[in-house]
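A look at the structure
Chain by chain, the residues run as shown.
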Protein chains: 2
Amino acid sequence: METQSFVLAKRPVGLPDESAFKLKRSSLKDELKDKELNLHGLFYSVDPYMRGRMNDAKSYVEPFILDQPINGGVVARVSESKDPDFKKGDLVLGQLPWATEMIVSSSQVHKINTTEKLASEYLGVLGMTGLTAYFGLLKIGQPKAGETVIISGAAGAVGCVVGQIAKIKGCKVVGIVGTNEKAKLLKNDFHFDETINYNDATDLASLVKQACPDGIDIFYDNVGGVISDAIIPNINFHGRIVLCGQIALYNAKEIPMGPRIQPYLLTRSILMQGFTIGNFSEHFAEGTAALDGWLKEGKLKSSQTIVEGFAELPKALLGLFSGKNIGKMIVKAEN
Amino acid sequence: METQSFVLAKRPVGLPDESAFKLKRSSLKDELKDKELNLHGLFYSVDPYMRGRMNDAKSYVEPFILDQPINGGVVARVSESKDPDFKKGDLVLGQLPWATEMIVSSSQVHKINTTEKLASEYLGVLGMTGLTAYFGLLKIGQPKAGETVIISGAAGAVGCVVGQIAKIKGCKVVGIVGTNEKAKLLKNDFHFDETINYNDATDLASLVKQACPDGIDIFYDNVGGVISDAIIPNINFHGRIVLCGQIALYNAKEIPMGPRIQPYLLTRSILMQGFTIGNFSEHFAEGTAALDGWLKEGKLKSSQTIVEGFAELPKALLGLFSGKNIGKMIVKAEN
């Protein structure tokens with residue numbers, strides 16, 4: 001059987017372009033071994049953390065391998081199974097290659113009990129995205145009702161969910177975004193209290209101060225860089241900085257310079273904590289159940305940007321770095 | 001009765017000199033009111049945090065007031081008492097003015113049960129200094145036996161105690177200092193495993209890496225600036241940065257720039273926490289008892305630099321910023 005896959009063609013320096021990826025055509029073997037599945041990819045997750053994996057650097061996930069397929073969160077449909085626990089047509093989720101068709105061991109995936117229409121939620125609000133929002137905000141941020149939560153990258157996949165959970169917990173929620181369209185969406189559809197378009201701001205720090213008259217108790221940071229520079233001086237005593245992403249810095253060629261933040265953290269007893277959801281693996285069931293419950297009650301809305309066509313994967317990933325997405329960015333393959 | 005005091009003459013910009021202080025002579029009233037004490041100062045604590053109080057800026061302690069006496073930790077002897085709970089000759093500890101003689105309300109001090117010879121420990125290892133080391137290392141750093149702890153300002157008042165507690169807890173302890181004399185003292189008298197003299201280093205980061213072959217689990221930071229730049233890239237996954245001081249930055253005239261640290265914290269799930277001992281006030285009794293116990297068992301040694309003469313207070317404080325002290329810097333008044 002024919003398959004197409006995207007491999008890492010080179011390790012980019014700075015902002016990557018499509019030349020970092022190469023489309024490869026190959027054939028899959030005809031006979032499955034015991035416990036193997038033949039899968040057809042349906043939905044592919046593209047995430048900012050993937051930029052880090054394009055480098056050959058120590059981090060919380062392994063780097064991609066040169067000339068090997070990129071991999072990430074994928075929802076797929078079983079087209080053939082040699083495992084009695086899976087049958088043709090089952091939907092599965094796993095950390096899988098960017099390939100149209102693939103043969104994998106059944107231990108690499110788990111079944112998801114949903115329809116094809118709703119399956120992409122397992123890459124978003126019911127998957128890594130939702131859990132990242134949940135654990136970062138609740139376990140590190142420890143929000144209390146009445147506190148002020150500010151979110152950078154607020155219209156991104158994680159940011160959207162963080163803001164909604166913070167509202168569920170009774171906080172005042174301020175979102176930093178890059179377009180007026182995103183600002184409007186967060187206020188109207190996701191009930192954020194305030195939004196700031198940093199691309200419109202000549203003095204971002206003043207706008208932050210104005211939007212947070214009681215100061216900031218929790219800063220959920222997806223972006224870093226100059227946006228965090230405008231926020232950190234406004235954080236209250238005993239504030240918490242949840243370090244979830246630093247998308248502004250991922251394409252930096254050298255270690256970027258900025259104002260030293262230790263004096264703020266020191267004199268105000270502020271906590272800053274980097275994390276990955278793996279740190280909370282014993283709480284996955286709790287997190288998924290809570291997110292699923294809020295989704296069903298209508299307290300949590302999903303937000304997705306769906307890009308059609310397997311061939312669009314590289315462009316979709318690169319689009320994250322120019323803020324092309326609202327909510328979770330997902331590529332939907334041809335059927 | 002005649003008294004002398006040091007008042008804040010001006011708010012310095014950058015590194016202060018003695019012109020920031022002015023010696024004032026005045027007379028104390030003759031009659032004490034009920035619950036008042038007349039005190040003669042014996043030992044005066046000088047601490048790096050006092051530099052921050054010379055500015056007019058929001059922090060965890062109030063700024064000093066212009067033309068009013070500097071205040072800090074002082075051990076004094078009661079020379080006259082109108083409170084039945086205190087008698088002439090009692091030793092007391094309090095947050096008191098830099099004055100040779102003073103009249104205060106008895107509620108401002110508490111009695112310490114010790115000899116005049118040992119009373120200065122209540123400004124050091126049995127006082128704020130010891131508690132700062134204790135809470136920062138144990139409550140934030142959470143050391144486990146076998147972990148590597150690195151301390152900047154290791155020969156300073158707090159650093160000396162942190163290293164000794166880390167050894168008590170079974171950690172490998174590395175101290176960063178500014179002179180070979182301090183390095184030798186930490187190894188010989190305080191049983192540090194490794195020391196690094198940053199003034200001797202052309203490539204501090206390499207020396208840190210060499211001294212910590214298993215990486216760093218806890219960074220107890222008293223100094224900040226370029227020293228922290230050499231340490232943070234060597235911190236392990238799940239490492240903890242205890243932000244206790246940033247003496248390298250206290251005299252900065254503008255917000256100093258440095259490499260952005262968020263990418264390290266993010267990708268390695270590192271915690272950074274600023275603190276002041278006030279955050280742990282409900283544990284003061286536990287901390288003091290533990291420190292006192294270790295001191296009596298000989299597991300913890302006191303280290304002090306005693307400067308003789310009330311008139312030397314400004315010079316002693318300023319000396320902290322050029323590393324003139326080993327251990328706790330204290331000024332001893334004339335009897």
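Residues numbered from 1 in each chain as written. Chains lettered and ligands numbered in written order. Predicted model: local features only at pLDDT ≥ 70, side-chain atom pairs only at ≥ 80, totals over all residues. Heavy atoms only, no water.

1. Side note on the relation of the copies chain A and chain B
- The two copies are related by a screw operation: chain A maps onto chain B through 180° of rotation and 0.0 Å of translation along the axis, at an RMSD of 0.0 Å. The superposition operator between the copies reduces to a two-fold rotation axis.
- When the interface residues of chain A are mapped onto chain B, 100% of them are again interface residues, pointing to one common binding face. (Least-squares fit on C-alpha atoms with pLDDT ≥ 70 in both. Contact = heavy atoms within 4.5 Å.)

2. Here's the deal with the sheet that holds strand 12 (residues 235-243) of chain A
- Pairing is mixed across the open sheet formed by 12 strands, whose spatial order is 10(A)-9(A)-8(A)-11(A)-12(A)-14(A)-14(B)-12(B)-11(B)-8(B)-9(B)-10(B). Lying at the two open borders of the sheet, with one neighbouring strand each, are strand 10 (194-197) of chain A together with strand 10 (194-197) of chain B. Taken over all neighbouring pairs, the strand axes of this sheet differ in orientation by 15° on average, direction set aside.
- Pairing of strand 11 (residues 216-221) of chain B with strand 12 (residues 235-243) of chain B, which is carried by five bridges, proceeds in the parallel orientation. Paired with B:Phe219 across the bridge in strand 12 of chain B is B:Ile241.
- Taken strand by strand, helix 5 (residues 204-211) of chain A contacts strand 8 (148-152), strand 9 (172-177), strand 10 and strand 11 (216-221) of chain A, and its axis lies near 175° from that of strand 10 of chain A. (Pairing = 2+ DSSP bridges. Helix = DSSP H or I, 4+ residues; strand = E, 2+ residues; numbered from the N terminus. Axes fitted to C-alpha atoms, helices over the stretch in contact; angles between N-to-C directions.)

3. Let's talk about helix 3 (residues 157-168) of chain A
Residues and elements named next belong to chain A.
- Taking 1.5 Å per residue as the helical rise, helix 3 with its 12 residues ought to reach 16 Å, and the 18 Å between its terminal C-alpha atoms agrees with that figure.
- Counted residue by residue, helix 3 has 10 buried out of 12 residues, so it is predominantly covered.
- Listed as buried for helix 3 are Ala157, Val158, Gly159, Cys160, Val161, Val162, Gly163, Gln164, Ile165 and Ala166.
- Just downstream of helix 3 lies Gly170, where phi reads positive at about 85°. (Expected span 1.5 Å × (residues − 1). Buried < 20%, exposed > 50% of the residue type's maximum accessible area, 1.4 Å probe, protein only.)

4. Some remarks on the packing of aromatic side chains
- Counting across every chain of the model gives 18 aromatic pairs over all chains.
- Taking 6.2 Å as the distance between ring centres and 20° as the angle between the ring planes, the aromatic pair formed by A:Phe21 and A:Trp98 counts as stacked. Of this pair, A:Phe21 sits in strand 2 (residues 21-27) while A:Trp98 sits in the loop between strand 5 (91-97) and strand 6 (101-105), and the two are 77 residues apart along the sequence. For the pair A:Phe21 and A:Trp98, a shared accessibility class is recorded, and that class is buried.
- Ring centres of B:Tyr134 and B:Phe135 lie 5.4 Å apart, and the angle between their planes is 85°; on these two criteria the pair is classed as edge-to-face. Each of the two residues, B:Tyr134 as well as B:Phe135, counts as buried.
- Among the aromatic residues, ring-to-ring pairing joins A:Tyr134, A:Phe135, A:Phe275, A:Phe280, A:Phe284 and A:Trp294 into one connected group.
- Note that B:Lys111 overlies the ring of B:Phe86, its terminal NZ or CZ placed 5.6 Å from the centroid.
- The ring of B:Phe190 has B:Lys301 lying over it, and the distance from NZ or CZ to the ring centre is 6.0 Å. (Phe/Tyr/Trp six-rings, centres within 6.5 Å; stacked < 30°, edge-to-face > 60°. Lys NZ or Arg CZ within 6 Å of the ring centre and 35° of its normal.)

5. Quick notes on the packing of helix 2 (residues 128-141) of chain A against helix 3 of chain A
All names here are of chain A.
- Contact geometry for helix 2 and helix 3: axes closest at 8 Å, N-to-C directions at 50°. With respect to their mutual orientation, helix 2 and helix 3 come out oblique. Note on packing geometry: the crossing formed by helix 2 with helix 3 is right-handed. Packed against helix 2, whose contacting residues are Thr129, Gly130, Thr132, Ala133, Tyr134, Leu137 and Leu138, the element helix 3 presents Ala157, Val158, Val161, Val162, Ile165 and Ala166 at the interface.
- Classifying every residue of the contact of helix 2 with helix 3 gives 10 nonpolar, three polar and no charged. (Parallel < 35°, antiparallel > 145°, perpendicular 65-115°, else oblique. Left-handed = near helix turned anticlockwise from the far one by under 90°. Nonpolar A, V, L, I, M, F, W, Y, C, P; charged D, E, K, R; others polar.)

6. A look at the domain arrangement of chain A
Residues and elements named next belong to chain A.
- Taken as a whole, chain A is organised into domain 1 (2-123 + 303-332) and domain 2 (128-278).
- Between the C-alpha centres of domain 1 and domain 2 there is a distance of 29 Å.
- Contacts between the two partners involve 18 residues from domain 1, matched on the other side by 15 residues from domain 2.
- When domain 1 packs against domain 2, the two sides together hide about 1300 Å² of surface, and 64% of this comes from carbon and sulfur.
- One can count zero salt bridges joining domain 1 with domain 2.
- Summed over the shared surface of domain 1 and domain 2, the result is six residue pairs in polar contact (both at pLDDT 80 or more).
- Grouping the amino acids of the side of domain 1 that touches domain 2 by side-chain chemistry returns 10 nonpolar, five polar and three charged. (Domains from an automatic or database assignment. Buried area = accessible area lost by both parts, 1.4 Å probe. Salt bridge = Lys/Arg side-chain N within 4 Å of Asp/Glu carboxyl O. Polar contact = N/O pair within 3.5 Å; in protein donor to acceptor, adjacent residues only side chain to side chain.)

7. Things to note about the environment of A:Val7
Residue and element names in this part refer to chain A.
- Relative to the elements of secondary structure, Val7 occurs in strand 1 (residues 2-8).
- Placed 37 residues apart in sequence, Val7 and Tyr44 show a C-alpha to C-alpha distance of 15 Å.
- The residues contacting Val7, other than those within four sequence positions of it, are Ala20, Phe21, Lys22, Lys24, Asp67, Gln68, Pro69 and Ile70.

8. Some thoughts on the environment of B:Ile216
Residues and elements named next belong to chain B.
- Residue position: Ile216 is located in strand 11.
- On the accessibility criterion, Ile216 (0% relative accessible area) is buried.
- In sequence terms Ile216 and Glu334 are 118 residues apart; their C-alpha atoms lie 45 Å from each other.
- Apart from the residues lying within four places of it in its own chain, the contact partners of Ile216 are Thr148, Ile150, Val208, Ile231, Asn234, Ile235 and Asn236.

9. Topic: the nonpolar core
- Ranked by size, the top nonpolar core spans 85 residues in total, and within it B:Leu39 and B:Trp98 carry the most contacts.
- Per-element tally for this core: the top contributor is helix 9 (residues 313-319) of chain B, with four residues.
- In this structure, A:Val161, B:Ala166, B:Val173 and B:Ala290 belong to the second largest nonpolar core, which totals 76 residues. (Core = buried A, V, L, I, M, F, W, Y, C linked by side-chain atoms within 4.5 Å.)

10. Things to note about the interface of chain A and chain B
- Between chain A and chain B, the contact holds 39 residues from the first and 39 residues from the second.
- Of the roughly 3400 Å² buried where chain A meets chain B, counting both sides, 60% is carbon and sulfur surface.
- There are two salt bridges connecting chain A and chain B.
- Two residues, A:Asp229 and B:Arg260, come together in a salt bridge whose shortest N-O distance is 2.8 Å.
- The tally of links between chain A and chain B comes to 14 residue pairs in polar contact (both at pLDDT 80 or more).
- Going through the elements one at a time, helix 6 (225-231), strand 12, strand 13 (257-259), helix 7 (262-267) and strand 14 (271-274) of chain A are the ones with two or more residues in the side of chain A that touches chain B.
- Ranked by residues supplied to the side of chain A that touches chain B, first place goes to helix 7 of chain A with six residues.
- Partitioned by chemical class, the residues of the side of chain A that touches chain B number 21 nonpolar, 14 polar and four charged.

11. Quick word on the state of the cysteines
- Within this structure, the stated rule accounts for zero disulfides over all chains.
- Unpaired in this structure, B:Cys171 has its nearest cysteine sulfur neighbour in B:Cys212, at a distance of 12 Å. (Disulfide = S-S within 2.5 Å.)

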